[in-house]
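Residue-level structural notes
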Amino acid sequence: MSKTAVKTSRNRRQLIDSFDSLKHSFDGSLQHARDVEAAFEAVRRDFITRISRDLHATRKRLPENNPVREEVMAFIDLMERTSVAWDAKVAGREKGIAFRAHFEDSLLVFVNGKVKSGKSSLGNYMAWGDTDPSDEQKDLVADTLKPRFFSHAKSDVAGGDGEKEAELRREFRVGATEATSSIQGFSLPGLTWVDSPGMHSLNIQNEQLARDYVEHADLILYTIKSDSAGRESDLVEIAHLLGKGKRILLLLTGSDDMEEELGDDGESLVQTWVMKDEDRRMRQRTYVRDALEKNYPGQSLEDVGIISFSARYAQLHADDADAYKDSGMGDVCGALSDLCLSEGLRIKQRTPLNNLSNFLQSCSDDLQPYQALIDGFRQPLTDLKAKSSNSLNVCIQQGQSALAVFIDDFFETGARARDDAADMRRQLAAFQAALNVRYQEIAAEQLGRIFSEVLSGFDEAVHATYSNSELVRLHDFELETATEKVAKVRSGTRKRNTLIGTALGGLTGFLLGGPAGAAIGASLAGGVGGAMGGSASTQYDEIVITVGDNWLDIRHKALASANQALQECMRTSAARLWHLMDRDVEQILAGLTGEIATFDKQVQKLLHQTKMN
C-alpha cells in the first residue's frame, strides 16, 4: 500500500466478501514454520546441554582462587539466564502459535494502539456495521454474516471486561476508561479480527498481553486519535512493529467534530457531527508520515497506508453514499479489501515464517554478551602476570637466602676430618642429594606463593619439573699433597770385612805354616777382605704429606651455583607454569567459542530457510 493508499472505496459488506473469497487458500500456512522451529528447538537444547556440561566441568576443575574462575562463573550464570529467557520466548511463541492455529483459514487482523484510541468501536463496526449495536440489530443480520465472537487470554486487571464478556455479549465493550483487558475478537469467513488491550495502559499486564499476541498478527491496524496524531509514544511503537517486518495500516480515528447550533425554536442547541475538512485531515496524515521519516529514517514507509476516518460518522450516514465516502470508512474497507485480494495469501504464508525469523534473530542476538565475556577471559590472567613479575624477584631472593643458610650449615657444622678424601667425597655426595631435595622444597615453596592457589595440580607440576634431576652439582673433594726427601745414613762394610779376612787368613796360615804362616796368611786375607768391603754412606727416602684441600672452594662454588640455578630454574618454571595456565584458558575459550559459533551457524542456516519461501 503506497503513500496514495487506497485504490478503491468499498463498504463493509464488500470487504467481508473479499475475505470470504480467500478463506480456502489460507490452509496450512504454519507447517513450514513449524518444521523450522522444531529444528531450532533441537539445536537449541543440544547447545545448552553441551555448553552447560563443559562449563560445569571447568568450574569443578579450577581451584577457588583461579584468576579465570570468576569469568567461568559469569559464563555459567549467563548461560542459565539465557536458557531461562529462551524457554520463556519459546513458551510465548507456543501461545501465539496455538492461538493462530485456530484461525489458519483466515487473515488475522490485529487492532493495536493506545488506550481509548477507538479500537473497540472500530471492531464493533466491522462486526455489525454499528459502533455500539443493540441486540435487535444483531438479530437482523443474516446467519451467514453473523460474526462469531471469542475470548482468548485475559489479564486480572480490575475494571476490565469480564470473563468471556465479548463472547457472551457478541460485541466489544466501549466507553470505559480501559474497556479491554483480554485478547478477544470475532471471526467471519476468511477474516479474524482481534481487539487487544491498549498500549501504554495504566496496568502493565494489559500492555504485555497486547505485546505477546501482536507478534502473531498477519496485518496490524494501528489506531491513533486524530487529535493527538504524531505522538512520540505512538511513533516508537509503530517503528518497533515495522522493524519486525509487520504489515501495518495506520488509522487516524475520530476524524470528525461535533458542532452545535440553535434549533428551529431559536433556544435549544442542536449537536451535529461533521467530518473534519479534508485539508485538515491531510495535514494530520502528512504530519504522522513526516514524523516517522524524520525520527526513523531507516524504516521503509512505502507500504504503510495512513487513513483518516470516523466510524461514528459512517454509522450515522450509512444510507448516504456521499457522506459515507466522506467518513473515510470506505477508504478503510477499500484498503483492507485491496490488500486481501492482492497480498492476503502471501501475507498469511509469510507471517509465521517472519515471526520465526524475528525469534531466531533475537536468539542469535542473545549470543552477543557471550563474546564480551570471551574477550574478558584473558584480562585477569594478564593482570596477574604483571603483578607476579615483582613477586617472582622477591621469591627468588628469599629462596636464595634459604639455600645459603642450608649450605652454610653443612659447611660450618659438617664433617671435620678431611684427611680422608674418599670419606669426604661420600659426605659431599650425601649432601648434594640433600641439597637438591632442599632445593626442590624451596623452589616449590617460593613458586607456590604465586601459583599454588591459582593453578590446579601445582604441586604435581613442580614435582615433575624437578624430579630425577641434580639441579646443583658439587665439585669432588680433593686433598692437596707434597713429596719430601728424608736423609738416611748407611754404615760401611770394609772394616768389618778386613777383620773377618784377617782372622780367617791367620787361621789358615797357622794350620799350614805355623806361626810364621799365620802372620802371612792374616796379612794377605785382611787385605783381600778389606778390598771386598765398602765404606759408610747417606741414603734418602721420599714421603707424601697433606698440605691443604678445596673445602672452602667447594663451599663458595656450591653457593654460587645454587643461587644461579635457583634463579634460572624458578624463572623457567614460572614461564612454564604460566604457559600451562595460558593453555588451560585457551582450551576453555576454544571450547566455548566453538560451541557458540556452531550454534550460531545453525541458527543462521535456519534463518535462511525462513526467508526462502
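Heads up: the structure comes first, above all this text.
In what follows, the accompanying structure is described.

The rules behind each value
Numbering of residues starts from 1 in each chain and follows the order in which that chain's sequence is written. Given that the model is predicted, a residue must reach a pLDDT of at least 70 before its local features are reported, and side-chain atom pairs must reach 80 or more before they are shown or counted; all residues, however, enter totals for whole chains, interfaces and linings. Computation of side-chain values: all heavy atoms of the structure, hydrogens and water removed. Helix numbers and strand numbers start at the N terminus; a helix is a DSSP run of H or I with at least 4 residues, a strand a run of E with at least 2. Exposed residues in this analysis have more than 50% of their type's maximum accessible area, buried residues have under 20%, and partly exposed residues fall in between, with area computed by a 1.4 Å probe over protein chains only. A contact between two residues is defined here by any heavy atoms of the two lying within 4.5 Å. Note on areas: Shrake-Rupley, 1.4 Å probe, and residue coverage restricted to the protein chains presented here. Every case where a carboxyl oxygen of Asp or Glu lies within 4 Å of a side-chain nitrogen of Lys or Arg is listed as a salt bridge. What counts as an axis is a line fitted to C-alpha atoms, over the stretch in contact for a helix, and the angles between N-to-C directions run from 0 to 180 degrees. Small angles under 35 degrees read as roughly parallel and large ones over 145 as roughly antiparallel, with 65 to 115 read as roughly perpendicular and the rest as oblique. Handedness of a crossing follows from how the near helix is turned relative to the far one, being left-handed for an anticlockwise turn of less than a right angle and right-handed for a clockwise one. Under this grouping Gly is polar, as are all residues other than the nonpolar Ala, Val, Leu, Ile, Met, Phe, Trp, Tyr, Cys and Pro and the charged Asp, Glu, Lys and Arg. Regarding the arc, it is the one traced by the directions from the helix axis to the C-beta atoms. When charges are counted, Lys and Arg are positive and Asp and Glu negative, with His and the chain ends excluded. Identification of polar contacts relies on pairs of N or O atoms within 3.5 Å, with a donor-acceptor requirement for protein atoms, meaning one able to donate a hydrogen and the other able to accept it, and with residues adjacent in sequence counted only if both atoms are side-chain atoms. Two rings from Phe, Tyr or Trp (for Trp, the six-membered ring) form a pair when their centres are within 6.5 Å of each other. A pair whose planes differ by under 30 degrees is stacked, one over 60 is edge-to-face, and the rest are tilted. Each ring is checked for a lysine NZ or an arginine CZ that lies within 6 Å of its centre and within 35 degrees of its normal; such an atom marks a charge sitting over the ring. Residues are said to line a cavity or pocket when one of their atoms sits within 4 Å of a point; the points come from a 1 Å grid over protein atoms alone, cavities being sets where a 1.4 Å probe fits but cannot get out and pockets being open sets with protein on both sides within 12 Å along at least five of seven lines. Grid points are joined across faces, edges and corners, and a volume is the space filled by probe spheres set on the points. Among buried residues, the Ala, Val, Leu, Ile, Met, Phe, Trp, Tyr and Cys ones that are joined through side-chain atoms within 4.5 Å form a nonpolar core. By this rule the span expected of a helix is its residue count minus one, scaled by 1.5 Å.

1. What about the overall build of the protein?
Tallying secondary structure elements over the protein gives 18 helices and 11 strands in all. In the protein, buried positions account for 45% of the 613 residues. A separation of at least 24 residues holds for 78% of the contacts in the protein among residues at least 6 apart in sequence. When the accessible area of the protein is evaluated, it comes to approximately 31,100 Å², of which 51% is carbon and sulfur surface.

2. Thoughts on the pattern of salt bridges
Applying the stated criterion across every chain, the model contains 39 salt bridges. A salt bridge links Asp-338 to Arg-10; the nearest nitrogen and oxygen atoms lie 2.7 Å apart. One end of the pair, Asp-338, is in helix α12 (residues 329–365); the other, Arg-10, is in the segment before α1 (12–20), with 328 residues separating them in the sequence. Here Glu-171 and Arg-169 are joined by a salt bridge, their closest N and O atoms 3.7 Å apart.

3. Examining the packing of α1 against α12
Packed helix pairs are specified by the crossing angle of their axes together with the interaxial distance, meaning the distance between the axes. Viewed as axis vectors pointing N to C, α1 and α12 meet at an angle of 15°, and their least axial separation amounts to 9 Å. By the angle between their directions, the pair α1 and α12 is classed as roughly parallel. The element α1 and its partner α12 pack so that their crossing is left-handed. Where α1 approaches α12, its residues Arg-12, Leu-15, Ser-18 and Phe-19 are matched on the opposing element by Cys-333, Leu-336, Ser-337, Cys-340 and Leu-341. Across the contact of α1 with α12, the residue classes break down as 6 nonpolar, 2 polar and 1 charged.

4. Thoughts on α1
Because an α-helix packs 3.6 residues into every turn, residues spaced three or four apart end up facing the same way. Within α1 the residues assigned to the buried category are Arg-12, Leu-15, Ile-16, Ser-18 and Phe-19. Considered in projection along α1, the buried side chains sweep an arc of 155° and stay on one side of the axis. At its buried positions, α1 is contacted by β1 (107–113), α4 (119–128), β3 (182–188), β4 (191–195), α11 (321–327) and α12.

5. Overview of the side chain of Asp-130
Position of Asp-130 among the secondary structure elements: in the loop between α4 and α5 (135–140). Although Asp-130 is buried, it forms no salt bridge, and the closest oppositely charged side chain is Lys-138 at an N-O distance of 9.5 Å. A distance of 2.8 Å separates the side chain of Asp-130 from the backbone nitrogen of Asp-132, its partner in a polar contact.

6. Points about the packing of aromatic side chains
The way to describe two aromatic rings as a pair is by their centre distance and the angle between their planes. On inspection of all chains with the given rule, the structure shows 20 aromatic pairs. Ring geometry for Trp-128 against Phe-149: centres 6.4 Å apart, planes inclined by 15°, an arrangement best described as stacked. Placement of the pair is Trp-128 in helix α4 and Phe-149 in strand β2 (residues 148–154), with a sequence separation of 21 residues. When the ring of Phe-149 is compared with that of Phe-186, the centres are 5.5 Å apart and the planes differ by 45°; the resulting orientation is tilted. Taken together, the residues Phe-149 in strand β2 and Phe-186 in strand β3 connect sequence positions 37 residues apart. According to the relative accessible area criterion, Phe-186 is buried, its value standing at 0%. The residue whose ring lies beneath Arg-93 is Phe-359, and the NZ or CZ to ring-centre distance is 5.2 Å. We note Arg-312 situated over the ring of Trp-273; from NZ or CZ to the ring centre the distance is 3.5 Å.

7. Digging into the packing of helix α2 (residues 31–61) against helix α18 (residues 551–610)
The interhelical angle for the contact between α2 and α18, taken along N-to-C directions, is 175°, at an axis separation of 10 Å. With respect to each other, α2 and α18 are oriented roughly antiparallel. Classifying every residue of the contact of α2 with α18 gives 13 nonpolar, 6 polar and 5 charged.

8. Describing the layout of surface pockets
Here the largest pocket defines a volume of roughly 480 Å³. Arg-93, Arg-211, Asp-212, Glu-215 and Lys-244 are, among the 21 residues lining the largest pocket, the residues nearest its centre. Here the element with the most residues in the lining of the largest pocket is helix α3 (residues 69–101); it accounts for 5 residues. Looking at the lining of the largest pocket residue by residue, the classes come out as 5 nonpolar, 8 polar and 8 charged.

9. Some remarks on the nonpolar core
By size, the foremost hydrophobic cluster in this structure holds 64 residues, and its most contacted members are Phe-40, Phe-47, Leu-360, Phe-377 and Phe-411. Elements represented by at least two residues in this core include exactly α2, α3, α12, α13 (368–376), α14 (378–413), α15 (421–451) and α18. If you tally residues by element for this core, the top one is α18, at 20 residues. In contact with Phe-47, other than residues within four places in its own chain, are Met-79, Trp-86, Leu-367, Glu-595, Ile-596 and Phe-599. Of all hydrophobic cores here, the second largest spans 39 residues; its members include Leu-249, Val-332, Leu-339 and Cys-340.

10. A closer look at helix α8 (residues 232–243)
Relative to the 16 Å expected for 12 residues at 1.5 Å per residue, α8 spans 16 Å between its end C-alpha atoms, a close match to the ideal helical length. On its buried side, α8 packs onto β1, α7 (204–214), β5 (219–225), β6 (248–253) and α9 (278–295).

11. Observations regarding the environment of Arg-285
One can find Arg-285 in helix α9. Excluding residues within four positions of it along the chain, Arg-285 makes contact with Leu-252, Glu-278, Ile-306, Ile-307 and Ser-308. A polar contact of 2.8 Å, which involves the side chain of Arg-285, links it to the side chain of Glu-278.

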